[in-house]
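Read off the chains here:
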Amino acid sequence: MSVYIQSPSTSTIFIPSTRGAMASSQPMANTPILPDGLTGAQVERYSRQMLVEDIGGSGQAKISGSKVLVVGAGGLGSSVIPCLAGAGVGTLGLVDPDTVDTSNLHRQFIHREADAGRENKAVSAARLVAQLNSGVKTVVHASPLESGNALELVSGYDCVVDASDNPRTRYLVSDACVLAGKPLVSGSAIGLEGQLTVYNFEGGPCNRCAYPNPPAAAASCSDSGVVGPVPAVIGNLQSLEALKVIGGFGAVLSEKLIMYDARSTTFHRFIVKKRPGCAACGLVPTITSMAASDAFCMERSLRGVASGGCAFAPRTAAATPKHLTPPAAAALASGYGRNGECGEVSALEYSAVRAQGVPHALIDVRDATQFEMCALPGSFNVPVSRAALAALLISICAKVPRYFTHTAASTLRASCSTCSLASCRAACTKLPP
Ligand SMILES: [Zn+2]
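Residues numbered from 1 in each chain as written. Predicted model: local features only at pLDDT ≥ 70, side-chain atom pairs only at ≥ 80, totals over all residues.

Turning next to the overall build of the chain. Helix and strand counts for the chain come out as 19 helices and 13 strands. For the chain, with 433 residues in total, the buried portion stands at 39%. Within the chain, contacts between residues at least 6 apart in sequence are counted, and of these 69% link residues at least 24 apart. (Helix = DSSP H or I, 4+ residues; strand = E, 2+ residues; numbered from the N terminus. Buried ≥ 20, exposed ≤ 12 C-beta atoms within 10 Å, placed from the backbone. Contact = placed C-beta atoms within 7 Å.)

For helix α8 (residues 167-180), spanning 14 residues, the distance from its first C-alpha to its last is 20 Å, which sits close to the expected 20 Å at 1.5 Å a residue. Counted residue by residue, α8 has 13 buried out of 14 residues, so it is predominantly covered. Of the residues one or two after α8, G181 is the one with positive phi, at around 70 degrees. (Expected span 1.5 Å × (residues − 1).)

With that settled, consider the packing of α8 against helix α12 (residues 290-299). When two helices pack together, you describe them by how their axes are tilted relative to each other and by the distance separating the axes. Look at α8 against α12: their axes get within 10 Å of each other, and the N-to-C directions meet at 160 degrees. Between α8 and α12, the interaxial angle falls into the category roughly antiparallel. Seen along the crossing, α8 lies across α12 with a hand that is right-handed. On the side of α8, the interface is formed by R168, Y171, L172, D175 and A176, while α12 contributes M290, S293, F296 and C297. (Axes fitted to C-alpha atoms, helices over the stretch in contact; angles between N-to-C directions. Parallel < 35°, antiparallel > 145°, perpendicular 65-115°, else oblique. Left-handed = near helix turned anticlockwise from the far one by under 90°.)

Between its terminal C-alpha atoms helix α11 (residues 229-247) stretches 26 Å, which fits the 27 Å expected from 19 residues at 1.5 Å a residue. Across the 19 residues that make up α11, a large majority, 16, are buried. Phi turns positive one or two residues past the end of α11, at G248, with a value near 70 degrees.

Counting residues in hydrophobic clusters, the biggest one holds 69 residues, and the most contacted among them are V68, V70, I81 and V161. Leaving out residues up to four positions away in the same chain, V68 has contacts with L84, V89, L92, Y157, D158, C159, V161, A242 and I246. (Core = buried A, V, L, I, M, F, W, Y, C linked by C-beta atoms within 7 Å.)

Our next topic: the sheet that holds strand β8 (residues 193-199). Strand order in the open sheet formed by 8 strands is β5-β4-β3-β6-β7-β8-β9-β10, with mixed pairing between adjacent strands. The outermost strands of the open sheet, each flanked by one partner alone, are β5 (137-141) and β10 (266-271). On average, each strand axis in the sheet is inclined to that of its neighbour by 15 degrees, with strand direction left out of account. Pairing geometry for strand β4 (residues 91-95) and β5, over 5 bridges, is parallel. (Pairing = 2+ DSSP bridges.)

What follows deals with unusual backbone geometry. Unlike most non-glycine residues, N200 shows phi in positive territory, near 55 degrees. Given 26 C-beta atoms within a 10 Å radius, N200 is considered buried. Phi is positive for E202, close to 50 degrees, though the residue is something other than glycine. E202 gets classed as exposed once you count the C-beta atoms within 10 Å, which come to 10.

This paragraph deals with the pairing of β4. Remember that side chains alternate between the two faces of the sheet whenever the strand is regular. Within β4, 4 of the 5 residues are buried, which leaves the element mostly enclosed by the surrounding structure. Pairing of strand β3 (residues 67-71) with β4 involves 5 bridges; the strand directions are parallel. Considered in β4, the bridge of V68 is made with L92. Note that the unit made of β3, helix α5 (residues 77-87) and β4 has a crossover that is right-handed. Each parallel crossover has a hand, and for β4 linked through helix α6 (residues 121-132) to β5 it is right-handed. (Right-handed = clockwise from strand over helix to strand, strands pointing away.)

Turning to the packing of α5 against α6, a few remarks are in order. At a minimum axis distance of 9 Å, the contact between α5 and α6 shows a crossing angle of 30 degrees. Classified by the interaxial angle, the pair formed by α5 and α6 is roughly parallel. Between α5 and α6 lies a crossing whose hand is right-handed. Together, G77, I81, P82, A85 and G86 of α5 and A125, L128, V129 and L132 of α6 make up the contact between the two elements. Considered class by class, the residues forming the contact of α5 with α6 number 7 nonpolar, 2 polar and no charged. (Nonpolar A, V, L, I, M, F, W, Y, C, P; charged D, E, K, R; others polar.)

Now for the confidence of the model for the chain. For the chain, the mean per-residue pLDDT works out to 76, and 64% of the residues sit at or above 70. In this model residues 334-341 is a low-confidence stretch, pLDDT under 50, and it forms 23 contacts with partners more than four residues away in sequence or in other chains. (pLDDT = per-residue confidence, 0-100.)

Glancing now at the environment of G203. Of note, G203 is situated in the loop between β8 and α9 (207-210). Note on G203: 9 C-beta atoms within 10 Å, which makes it exposed. Note: C-alpha distance between G203 and G181 (22 residues apart in sequence) is 9.1 Å.

On to the environment of G86, then. Within the secondary structure layout, G86 lies in helix α5. Taking the C-beta count within 10 Å as the criterion, G86 has 16 such neighbours and is therefore assigned partly exposed. A sequence separation of 50 residues divides G86 from V136, and the C-alpha atoms of the two residues are 8.7 Å apart. Not counting residues within four places of it along the chain, the set of residues in contact with G86 comprises L132 and N133.

Okay, here's the thing in structure tokens:
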């Protein structure tokens, strides 16, 4: 008997028989034996991946027969999506309601300049997948993942990758994965730091085990910036964890959280334990429906992060330094006119203030780097975190006694209602009329 060992590459190894005629009576089949569910073309295409002992034919068959939902086609998704497409995942679901934006292209490499301002990101990502690997089926979800569709979305897939960029989506997708029993590969990146873990894998912890409550102030790429390769690093690792989950190889990063510090090129690993008291996956869960998950998000006002400002009537704006410390800002406010209002303003509201020619000063609370990049004319920079903003406003309110002493209590409360910070309103209403 002679044995041919057909390697996934084009080489064939011939091994002479040592058992002579006994084996020669066995008929030789002409059709190659392939791993279940794989075609010859797939074996050829994924041969280098299948050669890895941990994966082999059975692992590739699992990968090619799996469905993965990627929530977010931004910085993280720009690595997750092509990696999973290249690896031959059977179906990729792509969720992103946003349009390609020029300011995203430094890190969202799967999109093109020509698509900026006109193309949906999920559609753009699906086009790239088609060009990269026509054997991968894509399902585009161009609307946002919300409480009303999250459970149905994740239920149709074997594994979910959270490549989103906001806390609300993180809680919604995690809760949906717990309810549907789906593993969730979670990643995030901001500035020069990133995080990675796998939730809800074979009884492991969920997002609420690690973060029972959202942080008081969450950073975003829009506010804090991000260096392109950082989400690329995390996204690549996410794709690998997703392949391990669906391919059934390696040790999945469950019950462990990796923190990546790009400044020092270090990875730190932390243990994340399942909490018996977890509201989503604990012994007596309270998040038993997506409606309950949505109520939690509404209660915590998980609507993303906005930059705040505080409008006042300035007295000597031209002579004031652009960058102020919070105490200096409060001192500055003490000399301002009586007809101002204290509170955060939206861009539209501020546009109206300028259009009406209302005397005012604009305090920009973004960090100094953002202020230096672009600032509105005449604004002052007082870099404070969102958590510290309430204290700043309270201190400013306390230093403007004339404003309050010349205002009836009812009017005071009405004007202070423009401030979105409950703590500031509470402090203002305690002041004498
Ligand atoms: Zn949990």
